[in-house]
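Residue-level structural notes
What follows is the residue order along each chain.
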Amino acid sequence: MGTTSLEASTQPARVSFRHFLGRKTESESCLAHLSAESQAALRQFSFERLLGYGVVYADVVELRARVLEGEPWEPAATALAEIALKQADAASTASHRATRVHNLLRASALLRMSQMMRIVDTPERGNIFARAATFYGEAAKLQSDRQRVVIETDSRPLIGWLFPAEGGGFGSAITIGGVEGWAMDFDSIGQALAARGIDTLMLDGPGQGETRFHYGHYLDAHWSEAYRSAIDFLERRAPGHRIGFVGNSIGGSFAMAMASIDKRVAACCCNGGVIKPTLARGKTTFFAKMIATCGTSNEEEAVAAWAAVDPIAPTSDGGYPLLIVQGGMDPMLPTPASEMLLAAAPTDDKEMVVFSDGDHCIYNHRDDRDALIADWVRARLAN
């Protein structure tokens, strides 16, 4: 029997490097030399919040590191989005579909975050958001688990993303965001609901997301008519399905107000809403964004529109099932404020779940938050 000799390959092994800044300590001294906008961006869009809006872990680390190194927020996020797009383009074959989907969603999330520090609408901002929606839509087509829908109203259309329920479903739900986190940003809730048999419309309501930038549909005092049209859409799509409404951040105030207005809302979840949206009136950046939601620079017009959102409007027949979700460490909405909302809510069937270390909208417990909301909505719609 012969012997075989093992000879070392004459070809050198290929080695490549991918360079990253890595996670940096965010001390007060590191932040002090940054611009006011960069400091505000890092403060407002925390590590957990970025993850909650769909930015992947590695991109959160790199984005924050680049800003800490002095790069402005928007260019830093845009540059990372372009890297993700190059990786998506490199994965263009069918065998690399999952990689392409992953990177399209990465690029979309980063582009959505890039425009977050803008307040007023401009054509450039609209184009940024349109690109984000395009890449999100490409990913949706490839994975076939959601579809973009346009809903006609008595004024201008609404745009949303419909997550069909697994196995046909037995209920339907609308989910909305707030002043700056919109439909695509909260899609994890849509996925959680759809997995539990609930067709879910992740909606950009008046003054939000694609509805705002694509159709110029802003918030006004007649906002509820637009949401009625969204409920009509779900009724036509799945006759006989009971309907839930989930609102995140100040969207929770809309969800409760809509449950009081339209008896077709059979279950309502408020994740971070306030008892009276106009309490935010002042010179803060957040209130400036509330004004922009109305497509006006006139403060009085905006206040009139927001005043029409009443989450504690009277109801009849015992009201509607209500779940309030509260973060015990929420810097925007302290627990006593949510306790006041719970006490004033015009319904007999209500409860509140507090995550003791939860931030605003419970971004730091996203999976548990989504499971809680989806399980609660399922149980209520199944009754």
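Here, the structure is the one placed above.
Just so we're clear, the structure is a prediction, and the values are computed from it rather than from any experiment.

So, the environment of Trp161
Checked against the element boundaries, Trp161 lands in strand S2 (residues 158–163). Given a relative accessible area of 2%, Trp161 falls into the buried group. Measuring from C-alpha to C-alpha, the distance between Trp161 and Thr200 comes to 8.1 Å, with 39 residues separating the pair along the chain. Leave out the neighbours within four places in its chain, and Trp161 touches Ala133, Tyr136, Gly137, Ala140, Arg146, Gln147, Arg148, Met184, Thr200, Leu201, Met202 and Glu210. Here Glu210 takes part through its side chain, which lies 3.2 Å from a polar atom of the side chain of Trp161.

A closer look at the side chain of Ser172
With respect to the helices and strands, Ser172 occurs in strand S3 (residues 171–176). Accessibility expressed as a relative area gives 1% for Ser172, which makes it buried. Beyond its immediate chain neighbours, meaning those up to four positions away, Ser172 contacts Ile198, Asp199, Leu234, Ala238, His241, Arg242, Ile243, Gly244 and Leu381.

Examining the packing of helix H4 (residues 57–68) against helix H5 (residues 73–90)
Taken N-terminus to C-terminus, the directions of H4 and H5 make an angle of 140°; their axes are 9 Å apart at the nearest point. For the pair H4 and H5, the sense of crossing is right-handed. The segment H4 lies against H5, with Asp59, Glu62, Leu63, Arg66 and Val67 engaging Trp73, Ala76, Ala77, Ala79, Leu80 and Ile83. Its residues assigned to classes, the contact of H4 with H5 shows eight nonpolar, no polar and three charged.

Overview of the pattern of salt bridges
What the rule picks out here adds up to 28 salt bridges. Put simply, Glu74 and Arg118 hold a salt bridge, and the shortest N to O gap is 2.9 Å. Taken together, the residues Glu74 in helix H5 and Arg118 in the loop between helix H6 (97–114) and helix H7 (123–143) connect sequence positions 44 residues apart.

As for helix H14 (residues 335–344)
Of the residues making up H14, those classed as buried are Thr335, Ser338 and Leu341. Take H14 and look down its axis: the buried residues cluster within an arc of 115°, on one side only. Facing away from the buried side of H14 by over 90 degrees, the exposed positions are Pro336, Met340 and Ala343. In this fold, the buried residues of H14 make contact with helix H11 (251–261), strand S6 (265–271), strand S7 (322–327) and strand S8 (350–355).

What about the packing of aromatic side chains?
In this description, a pair of aromatic rings is defined by centroid distance and the angle of the planes. As enumerated under the stated definition, the model contains 14 aromatic pairs in all. An angle of 65° between the planes, with centres 5.4 Å apart, marks the rings of Phe47 and Tyr57 as edge-to-face. Remark: Tyr57 occurs in helix H4 and Phe47 occurs in helix H3 (residues 47–52); sequence separation between them is ten residues.

Observations regarding the packing of helix H8 (residues 187–194) against helix H15 (residues 366–382)
Taken N-terminus to C-terminus, the directions of H8 and H15 make an angle of 45°; their axes are 9 Å apart at the nearest point. By the angle between their directions, the pair H8 and H15 is classed as oblique. In this structure, the crossing between H8 and H15 has a hand that is right-handed. Note on element contacts: H15 touches H8 through Arg366, Arg369, Asp370, Ile373, Ala374 and Val377, opposite Ser188, Ile189, Ala192 and Leu193. Partitioning the contact of H8 with H15 into residue classes produces six nonpolar, one polar and three charged.

About the cut-offs
Residues numbered from 1 in each chain as written. Predicted model: local features only at pLDDT ≥ 70, side-chain atom pairs only at ≥ 80, totals over all residues. Heavy atoms only, no water. Helix = DSSP H or I, 4+ residues; strand = E, 2+ residues; numbered from the N terminus. Buried < 20%, exposed > 50% of the residue type's maximum accessible area, 1.4 Å probe, protein only. Contact = heavy atoms within 4.5 Å. Polar contact = N/O pair within 3.5 Å; in protein donor to acceptor, adjacent residues only side chain to side chain. Axes fitted to C-alpha atoms, helices over the stretch in contact; angles between N-to-C directions. Left-handed = near helix turned anticlockwise from the far one by under 90°. Nonpolar A, V, L, I, M, F, W, Y, C, P; charged D, E, K, R; others polar. Salt bridge = Lys/Arg side-chain N within 4 Å of Asp/Glu carboxyl O. Arc of directions from axis to C-beta. Phe/Tyr/Trp six-rings, centres within 6.5 Å; stacked < 30°, edge-to-face > 60°. Parallel < 35°, antiparallel > 145°, perpendicular 65-115°, else oblique.

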